[in-house]
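Here is what each chain is made of, one letter per residue.
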Amino acid sequence: QVQLVESGGGEVQAGASLRISCTGARIAFRYNSMGWFRQTAGKERAFVAQLHDSGMVRYSDSVKGRFTISADYDKNTLYLQMNSLKPEDTGVYFCNTAPGPMHRWGQGTQVTVSS
């Protein structure tokens, strides 16, 4: 089965930057559309960013202009560079295929932004 592992989260002040990473086992990111999702307490996971296997990128309105999704396909690693972080960005961040998540969710990585 596919295994997805997220890392790199932390606690930061508003306006700070953070880069989180996702690695996958038994899935080749190069041949899939991959994305990031986030979840806050009491809410469903919400779409954040997508990197299509064609190279097309897509972002939610709330993060567009601040976040950048990218991948190192040789390392089979997906990244999310988050700049100008806001308290509203706080949540657990997950990676999966996008726009439709097809695999078991990983543990996620916690991002906490304080004002």
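All values reported here derive from a predicted model rather than from experimental measurement.

1. Digging into the sheet that holds strand β10 (residues 109-114)
Taking strand neighbours across the sheet as the criterion, the 6 strands line up as β2-β10-β9-β4-β5-β6 in an open arrangement whose pairing is mixed. Of all the strands in the sheet, the pair left with one neighbour each is β2 (11-13) and β6 (57-59). On average, each strand axis in the sheet is inclined to that of its neighbour by 25°, with strand direction left out of account. Pairing geometry for β2 and β10, over 3 bridges, is parallel.

2. Here's the deal with the state of the cysteines
The final tally for this structure, using the stated rule, is 1 disulfide. Here Cys22 is linked by a disulfide to Cys95, with a sulfur-sulfur distance of 1.8 Å. In this structure, the disulfide formed by Cys22 and Cys95 twists by about 60° around the S-S bond and is classed as right-handed. Taken together, the residues Cys22 in strand β3 (residues 18-25) and Cys95 in strand β9 (residues 91-97) connect sequence positions 73 residues apart. For Cys22, a relative accessible area of 0% puts it in the buried group. Cys95 sits in the buried class, given a relative accessible area of 0%.

3. A short note on the packing of aromatic side chains
On inspection of all chains with the given rule, the structure shows 3 aromatic pairs. Arranged with centres 6.3 Å apart and planes meeting at 75°, the rings of Phe37 and Phe47 form a pair that is edge-to-face. One end of the pair, Phe37, is in strand β4 (residues 34-39); the other, Phe47, is in strand β5 (residues 46-51), and 10 residues separate them in sequence. Members of the aromatic cluster, joined through ring pairs, are Phe37, Phe47, Phe94 and Trp105. Note that Arg45 overlies the ring of Phe94, its terminal NZ or CZ placed 4.1 Å from the centroid.

4. Some thoughts on the pairing of β9
Burial analysis of β9 places 6 of its 7 residues in the buried class, which makes it a mostly covered element. Of the pairings in the sheet, the one linking β4 to β9 comprises 6 bridges and is antiparallel in character. Across the sheet, residue Trp36 finds its bridge partner in β9, namely Cys95. As paired strands, β9 and β10 are joined by 3 bridges and run antiparallel to one another. Within the sheet, the bridge partner assigned to Tyr93 lies in β10 and is Thr109.

Rules of the game
Residues numbered from 1 in each chain as written. Predicted model: local features only at pLDDT ≥ 70, side-chain atom pairs only at ≥ 80, totals over all residues. Heavy atoms only, no water. Pairing = 2+ DSSP bridges. Helix = DSSP H or I, 4+ residues; strand = E, 2+ residues; numbered from the N terminus. Axes fitted to C-alpha atoms, helices over the stretch in contact; angles between N-to-C directions. Disulfide = S-S within 2.5 Å. Buried < 20%, exposed > 50% of the residue type's maximum accessible area, 1.4 Å probe, protein only. Phe/Tyr/Trp six-rings, centres within 6.5 Å; stacked < 30°, edge-to-face > 60°. Lys NZ or Arg CZ within 6 Å of the ring centre and 35° of its normal.

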